[in-house]
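Listed here are the chains, written in short residue letters.
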Amino acid sequence: MPRIDRDGVGIYYEVHGEGPPLLLTHGYSSTSAMWHGQVDALARDHKLILWDMRGHGQSDYPDDPHAYSETLTTDDMASILDAVGAERAIISGLSLGGYMSLAFYRAYPQRAPCPADHRHRPRLQEGRRARGLECTGACDRRQARP
């Protein structure tokens, strides 16, 4: 079971597949297991990285309330990317995980392309939705707002 140690707090993660890294973060009171139904599909084309936030699943549950914060969570995400050798990754999540994905983008813009749910639109092909997203071009770093 892969884990990183962040100042005495063990953070669980798992990796599936090969390709461009994709880090998914679960919602509040859930775990990385919420993504297990999508592993086969997503790991075909990506190095899929799933993890448990502090106080969730197989990660540690620190007693100190100061061991939980947006900054610590985004730093945990960056440390996981370091552990798997990913300089950059697609970052996404659900609910609290989606919020933390956007927080990661703000804290580490050089490590993530434009967030999947930010200024993107579904690609259209022959009048129907196709798989994937197409960048509208608005994710140019010069246009990023804090």
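Attention in this report is confined to the structure presented alongside it. Since we're looking at a predicted model, the values are computed, not measured.

Turning our eyes to something else, we now look at the pairing of strand β3 (residues 21-25). Burial analysis of β3 places five of its five residues in the buried class, which makes it a mostly covered element. Burial along β3 is two-sided: Pro-21, Leu-23 and Thr-25 facing one way and Leu-22 and Leu-24 facing the other are all buried. Bridging between β3 and strand β4 (residues 47-51) involves five bridges; their strand directions are parallel. In the strand pairing of β4, Pro-21 is matched with Lys-47. Note: β3 against strand β5 (residues 90-93), four bridges, orientation parallel. Paired with Leu-22 across the strands is Ile-90, a residue of β5.

Counting 22 residues, the largest nonpolar core has Leu-23, Trp-51, Met-77, Ile-80, Leu-81, Ile-91 and Phe-104 as the members making the most contacts within it. Of all the secondary-structure elements, those providing two or more residues to this core are β2 (9-16), β4, α2 (70-83) and α3 (96-107). Setting aside its immediate chain neighbours within four residues, Ile-91 contacts Leu-23, Met-77, Leu-81, Ser-101, Phe-104 and Ala-112. Judged by nonpolar contacts, the second largest core, of seven residues, contains Leu-24, Trp-35, Val-39 and Leu-50.

Below, the discussion takes up the sheet that holds β3. What the five strands build is an open sheet, ordered β1-β2-β4-β3-β5; its pairing is mixed. In this open sheet, the two edge strands, each paired with only one partner strand, are β1 (3-6) and β5. Ignoring which end each strand starts from, the neighbouring axes of this sheet average 25° apart. Against the sheet, α2 makes contact with β1, β2, β3, β4 and β5, and its axis sits at roughly 135° relative to β1, the strand it touches most. Contacting β3 and β5, α3 runs over the sheet at an angle of about 150° to β5.

What follows deals with unusual backbone geometry. Trans is the prevailing form of peptide bonds, just as negative phi is the prevailing case for residues other than glycine. A positive phi is found at Ser-29, a non-glycine position, where the angle reads about 65°. With respect to the element layout, Ser-29 can be found in the loop between β3 and α1 (39-43). Even without a glycine there, the phi angle at Ser-95 is positive, about 60°. Take Ser-95: it is sitting in the loop between β5 and α3. Residue Ser-95 is classed as exposed on the basis of its relative accessible area of 57%.

Rules and cut-offs
Each chain has its residues counted from 1, following the order in which its sequence is written. It should be noted that, the model being predicted, local features are given only for residues of pLDDT at least 70 and side-chain atom pairs only at 80 or more, the latter also being counted only at that level, while totals for whole chains, interfaces and linings use all residues. Side-chain figures throughout are based on the complete set of non-hydrogen atoms in the structure, without hydrogens or water. Burial status follows relative accessibility: with a 1.4 Å probe on protein chains alone, a residue under 20% of its type maximum counts as buried, one over 50% as exposed, and anything between as partly exposed. Comment: elements are numbered from the N terminus, with helices defined as DSSP H or I runs of at least four residues and strands as E runs of at least two. Note on pairing: two strands pair once DSSP finds at least 2 bridges between them. In this description, a nonpolar core means a group of buried Ala, Val, Leu, Ile, Met, Phe, Trp, Tyr and Cys residues linked to one another through side-chain atoms lying within 4.5 Å. Residue contacts follow a heavy-atom distance rule, with two residues in contact if any of their heavy atoms lie within 4.5 Å. Interaxial angle, 0 to 180 degrees, is taken between N-to-C directions of lines fitted to C-alpha atoms, where a helix line uses only the stretch in contact.

Shape descriptors only; they carry no functional weight alone.
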